[in-house]
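Breakdown of the fold
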Amino acid sequence: MEQTIPEVIRTVPLEYYIYFATALFAIGVTGVLTRRNAIIIFMCVELMLNAVNVLLTAFSAYRSDPNGQIFVFFIMAVAAAEVSVGLGIIVMIYRNFQNTDVNLLNRLKW
Amino acid sequence: MLTVFLLLFPVAAALLLHFAKGNAARVMALGAALVEFVVAVYAAVVSQVTAQTQFEVNVPWIASAGINFHVGMDGLSLVLVLLTTFLVPLIILASFRHDYPNASAFYALILFMQTGLIGVFVSLDAFLFYFFWEVALIPIYFLAGVWGSERRIAVTFKFFLYTIIGSLFMLAAFVYLYFQTGINGAVRSSDIIAFYNLTLSSDQQAWVFWLIFIAFAVKMPVFPFHTWQPDTYTESPAPATMLLSGIMLKMGIYGTLRWLLPVVPKGVSHWGPLVMVLCIIGIIYGAIIAIRQRDVKRLIAYSSLSHVGLMAAGVFSLTMMGLQGTVIQMLAHGVNVVGMFFIADIIQRRTGTRDISELGGLTKHTPVLSVTFLVLLLSTVALPLTAGFVGEFLLLGGVYQYNHWMGAVAGVTIILGAVYLLRMFQRVMLGPDTQFTATIKDLTGAELAVLVPLILMVFWIGLFPGTFMRISEPAIMQIMTIVNR
Amino acid sequence: MQETVIPAASAPYSTLLYVLIPLLPFLGFLINGLLNKKLSGTVAGAIGSLMVLGSFLISVMLFWEFQHPTAQWLAPGATAHQAYTVRLFDWISVGTLQIPFTYQIDQLSLIMLLLVTGVGFLIHVYSIGYMHHDENVGKFFAFLNLFVFSMLVLVLGANFVILFIGWEGVGLCSYLLIGFWNKDHGNNNAAKKAFIINRVGDLGFLLGIFLIYLTFDSVQYAEVFHKASTMQIGTGVVTAITLLLFVGAMGKSAQLPLYTWLPDAMAGPTPVSALIHAATMVTAGIYMVLRSNVLFTLAPDTLHVVAWIGGITALFAASIGLAQNDIKKVLAYSTVSQLGYMFLALGVMGYSTSLFHVLTHAFFKALMFLGAGSVIHAMSNEQDIRRMGGLRKALPITFLTFLIGCLAISGIPPFSGFFSKDEILEHVYQHNKILWGIGMVTAFLTAFYMFRLLFLTFFGEFRGTEEQKHHLHESPASMTLPLIVLAILAAVGGFMGAPMFVGKHYLADYLAPLFTYSKALNPEAFATELDHGTELMLIGLSVAAGVLGILFAYVQYVSRKVRPSEDDAHRSAPESLVYHKYYIDELYNALFVRPVMWLSTGLYRFVEQGIIDPIVNGFGRVTLGGGQLLRYVQTGYVGLYLILIVVGIVLVLGLNLFRF
């Protein structure tokens, strides 16, 4: 018996997705707030984005609404663009400071 | 179409000035201003004496929002347009002796300013009015800020901010009123007629009154919103001071007549007494402070504050005498104060100082200057048969009709006016010789060309005020009718 | 006094004439003013004088025509003694307020016209000689002509506002002429003082005009008086109107408490003092009250005030006159005192009597001022009578004419002052015995100080410098001729109102129509007649007061040769009080001038720069300060920004969730 992807997704209860996504998101937030290494912060941001993606996909499947999955594609595209720009900035930071600690970037104050 | 021409011609001329340099720019600017004056006189001659708006143009501007480019002139507008177009050529002529750097920009700004001023006087749409109201502010900011004296930056900054904040309240009120016009399913409109036809409750009118009035009160200025004024008048170059005092402060009074009294009559009757008290405090306060001023320009600035207070009091007296007196006094004050500031400028140019304690004894070698100075001064102290008297007489009469005691207190200005102006005249022109006496030169032809028209105007208004009162009477009557509705 | 309006258009010739009366002097003003330096002094003087002479001749013509309108071309349709107005053009019109430029032609304006142009002409002629050495003769005559113009507008106007035009105009000329020698700030201050104090009065007058308009809905004499004639005596609003008008009169006619400018006004050239500050301008207040006699009759309370202020001023100024040593100052205080007499007469409703005194006073006081001018001229600008003496030999004409003036003012029959003064005292006696007593004392004092002046100046030994003595000379004909003419007028002028001698009170009869309304309103005040015995007794007493004053002065200054002490000499307290004019100037300085100056500085320093401006700037400062504080949020630590973002999101979401 062949199952469609939404059906596969629906084999796991929705609550689990929510718990999982929330955990993922929380890990991302914690990472962003506590780490000072720009690359790790960056990865945590990606984690948060992906937590949202998971949720969007799950809800999309449960509600039989393809819009959610279209959103996911948008997010992935934007995230990819963001990564390229962000990594570029991080490389520039590293070139100037030989370090990627974000607290070094405190010139823009007052 | 005449209105549109009057409105756009100066700005077109200002753009053309860009191609002229130095002397040519002056002459071109003067020529343009004279053409403008001739057209305005023509408009006055062909206009009919009715309350109807004439030379009207009404085309959609932001059509979807019901905002139109609606301009036109009734008697009141016409009188002020006449004043503006009469004074601007003289102000340009008055600046001929100065060699302002970047002259083409200087004169372009003056003409640009003229468009703004005329726009204010002819707009019949709230947003258009607001647009020109702010347009008029920009050139004067640059005129004062670029060509002014030492403290110009700080002073013009204060002036600009003060007036613009004031007018933002007005904008807020206009937006509110604009939405009110659409409240009963009608099409929203910012046209003046729509505003006149609004039926707001007393409470609404009471606070809308202040929103609008603040803008006008700052511009006039009414006590205690006046502190930008003496500094700005003192620090600005002479032509900018003349524009400010001669024409720009009439914007506030005109605005009150056109956009405040008929729009929120209940608000006016509610707050009128308070405003009257403020005005009367301003009259006396300005006059008393003027007594001890040593800087001629600052002294005239405070005297101007006193006179404007009286005009505003005349407006809020809501009597025929007070309102017509205001109209005449706007003309008279425009002529007087421009002349006075010009003479202050002449004296400063000759002697290098405006401090009355350093001056003195000039009269012997400058009889013509003395006579012109004295005539303008007497007009300012409201001597009969000069321009100042008709206005002040009617204004005091109006205030007296409103309240006897207020009239009596406001009347003290005729005593104090004599005190500070005669004191100034005595210190500057009379008395024993000073270091300047021997070398000072009398008026030149170019200076006379400015002062003679002003003096003729002083006597014209003084002897035949009917010329102008006839024009404005129907418009004023109509305002009175709407207010008393 | 029914109004007959002569529209300007229908009577071209006559209008031209009416316009010419003030216009001729105005023309003189323009010519002399514009060609100031180009004309020689004599030519300027001749132009000025001829213009006034022209006005005088036209006035005489009108005066004659007014009584015999036979030709009918001056005022078509007018009957003899009928007042009428001439409409020139519309001046101000606002709603119901119509102020046309109209002239009133009636007995009062005609008499005033004759007085102003007649005496004015004489003084113009006199000035040609007097101002001969001045460098600005052209300017002087220009101002003098401008004054005559304003004064003529004042007396011709047919409504209160036109009257006010002239009223302010003469004030301006007074200012210009007092400060004629403007190099000296003393003169300029005197001029300024005169203008400002007059403005105080003008404010009252102006408010009076407003109240008249609000009450009667018109400012036109004929209409106002006609409406007023139907009112009740003692109506409150009329009392208010008349009090306000009287404040104006106090300023212009130098009554207590607004008299202090007049003595200072003597800083101007002497002909100015004669014309403006003795004969014409200062009587404008009396003219105004006479003009509005109907209103004053309606307000007995005001009349009381007028009478008392007049009486007290008369006595007060006379007492100051006792101790003055400047020849012009003595005359100035005597003018104030005589003006007080005139108001005293007005206050007891002796309207025509008051005008009678205006006329005689114009003759003898102008005469005395011009005489004083002649003395000053001869003494090379010395004005202190302590430096004079024995001048009667050097200046015989001046002495004789001055003597006539003194006799007239002292009320010695048959000189003009006797008749008018006696008539005033008679009127006052009927109304108020205390005021009559004050009048009698004043009459005595007047005679005393006038003859003190005469004796100190013209009798005894010469006390000036050798140089002055050498220069002593009688003035030229242009100066003595006006003196002689005025002396004749001062001597015989009284017979226009001397029923005892000529059988008829010409002046009173002539003026009677002016007071028709007043008479109708309050007949008793006009009807009272004294019996012959009382009348004779009063005459005797007033003459006795005058003679007594002269005798005292004679004993003191001729027999005992007393000389007034020098400025720094020790004086007893009351003497010092009088000598320093009761310290009124000092009092006013302390009460008004200094507080206003102090207030000006105070308001500027503490309110303007201390409160209002700081508040406005405060808004700016708060904004700046707020930015200053808030910018510390921008730490530059990315971690902090992130935490804030998260906290912000949590807050927004949380609030949304719990619907706070």
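Residues numbered from 1 in each chain as written. Chains lettered and ligands numbered in written order. Predicted model: local features only at pLDDT ≥ 70, side-chain atom pairs only at ≥ 80, totals over all residues. Heavy atoms only, no water.

Named according to an unreviewed UniProt entry, chain C is NADH-quinone oxidoreductase subunit L originating from Hymenobacter lucidus.

For chain A, an unreviewed UniProt entry supplies the name NADH-quinone oxidoreductase subunit K and the organism Hymenobacter elongatus. The record held by UniProt for chain A lists under Sequence similarities (unreviewed entry) the comment "Belongs to the complex I subunit 4L family." What UniProt records for chain A under Subunit (unreviewed entry) is the sentence "NDH-1 is composed of 14 different subunits. Subunits NuoA, H, J, K, L, M, N constitute the membrane sector of the complex." (UniProt positions renumbered as here; feature names shortened; annotations may be inferred.)

Let us look at the overall build of chain A. The helix and strand inventory of chain A stands at four helices and zero strands. The N-to-C order of helical and strand elements in chain A reads α-α-α-α. Over its C-alpha trace chain A gives a radius of gyration of 18 Å, far above what one expects of a compact globule, namely 13 Å for 110 residues. Overall size of chain A, expressed as C-alpha extent along the three principal axes, is 60 × 30 × 25 Å. Considering chain A as a whole, with its 110 residues, one finds that 27% of them fall into the buried category. (Helix = DSSP H or I, 4+ residues; strand = E, 2+ residues; numbered from the N terminus. Rg over C-alpha atoms; globule rule 2.2 N^0.38 Å. Buried < 20%, exposed > 50% of the residue type's maximum accessible area, 1.4 Å probe, protein only.)

Bringing empty space enclosed by the protein into the picture now. For the structure on display, the rule yields seven cavities of 30 Å³ or more. What the second largest cavity holds in volume is close to 50 Å³. Taken together, Ala 382, Phe 389, Glu 392, Phe 393, Leu 396 and Ile 414 of chain B together with Phe 164, Glu 168, Arg 199 and Leu 206 of chain C make up the full set of residues lining the second largest cavity. Elements with a minimum of two residues in the lining of the second largest cavity: helix H16 (387–402) of chain B together with helix H5 (160–178) and helix H6 (185–216) of chain C. The element contributing the most residues to the lining of the second largest cavity is H16 of chain B, with four residues. The class makeup of the residues in the lining of the second largest cavity is seven nonpolar, no polar and three charged. (1 Å grid on protein atoms, 1.4 Å probe; cavity = no way out; pocket = protein on both sides within 12 Å on 5 of 7 lines; lining within 4 Å. Points joined across faces, edges and corners; volume = space filled by probe spheres on them. Nonpolar A, V, L, I, M, F, W, Y, C, P; charged D, E, K, R; others polar.)

The calculated volume of the second largest pocket comes to roughly 1,200 Å³. In terms of lining, the second largest pocket is formed by 35 residues, of which the most central are Val 419 of chain B together with Ile 196, Asn 589, Phe 592 and Val 593 of chain C. For the lining of the second largest pocket, the leading source of residues is helix H28 (residues 584–630) of chain C, giving 10 residues. Residue composition of the lining of the second largest pocket, by class: 19 nonpolar, eight polar and eight charged. In terms of domain composition, the lining of the second largest pocket takes at least three residues from each of domain 2 (159–558) and domain 3 (583–657) of chain C. (Domains from an automatic or database assignment.)

As far as domains go, chain C holds domain 1 (1–158), domain 2 (159–558) and domain 3 (583–657). Centre-to-centre separation of domain 2 of chain C and domain 3 of chain C, based on C-alpha positions: 61 Å.

Our focus in this paragraph is the interface of chain B and chain C. Each partner contributes to the interface: chain B provides 59 residues, whereas chain C provides 51 residues. For the pair chain B and chain C, the summed buried surface comes to about 4,800 Å²; carbon and sulfur atoms form 73% of the total. Counting the surface chain B buries against chain C, the share from its top three residues, Phe 393, Tyr 400 and Gln 426 of chain B, is 13%. On the surface where chain B and chain C come into contact, there are two salt bridges. The residue Asp 433 of chain B makes a salt bridge to Lys 183 of chain C at a minimum N-O spacing of 2.4 Å. Put simply, chain B and chain C have 20 residue pairs in polar contact (both at pLDDT 80 or more) between them. Looking at which element gives the most residues to the side of chain B that touches chain C, the answer is helix H17 (residues 404–429) of chain B, with 13 residues. The residue inventory of the side of chain B that touches chain C, partitioned by class, reads 38 nonpolar, 14 polar and seven charged. (Contact = heavy atoms within 4.5 Å. Buried area = accessible area lost by both parts, 1.4 Å probe. Salt bridge = Lys/Arg side-chain N within 4 Å of Asp/Glu carboxyl O. Polar contact = N/O pair within 3.5 Å; in protein donor to acceptor, adjacent residues only side chain to side chain.)

Another aspect to go through is the arrangement of the chains. Looking at the two pairs of chains with contacts, the pair that accumulates the most is chains B and C. Taking C-alpha atoms as the reference, chain A and chain B come no closer than 24 Å and do not contact one another.

Counting 421 residues, the largest nonpolar core has Phe 174 of chain B together with Trp 91, Phe 160 and Leu 295 of chain C as its most contacted members. The biggest single contributor to this core is helix H14 (residues 320–351) of chain B, with 18 residues. Judged by nonpolar contacts, the second largest core, of 17 residues, contains Ala 307, Val 348, Ala 443 and Ala 545 of chain C. (Core = buried A, V, L, I, M, F, W, Y, C linked by side-chain atoms within 4.5 Å.)

A separate point is the packing of helix H9 (residues 202–219) of chain B against helix H11 (residues 238–260) of chain B. Residues and elements named next belong to chain B. The contact between H9 and H11 brings their axes to 7 Å, and the two run at 160°. When the axes of H9 and H11 are compared, the pair comes out roughly antiparallel. In the packing of H9 onto H11, the handedness of the crossing is left-handed. Every residue of H11 that contacts H9 at Phe 209, Ile 212, Phe 213, Phe 216 and Lys 219 is listed here: Met 248, Leu 249, Met 251, Gly 252, Gly 255, Thr 256, Trp 259 and Leu 260. Residue composition of the contact of H9 with H11, grouped by class: nine nonpolar, three polar and one charged. (Axes fitted to C-alpha atoms, helices over the stretch in contact; angles between N-to-C directions. Parallel < 35°, antiparallel > 145°, perpendicular 65-115°, else oblique. Left-handed = near helix turned anticlockwise from the far one by under 90°.)

Another aspect to go through is the interface of chain A and chain C. One widely used convention gives an interface's size as the accessible area the parts lose upon coming together. Taken together, the 10 residues of chain A in the interface contact 12 residues of chain C. When chain A packs against chain C, close to 960 Å² is buried across both sides, 66% of that on carbon and sulfur atoms. Across the chain A-chain C interface, the total number found is zero salt bridges. Counting every contact that joins chain A to chain C gives zero residue pairs in polar contact (both at pLDDT 80 or more). In the side of chain A that touches chain C, the residues fall into seven nonpolar, two polar and one charged.

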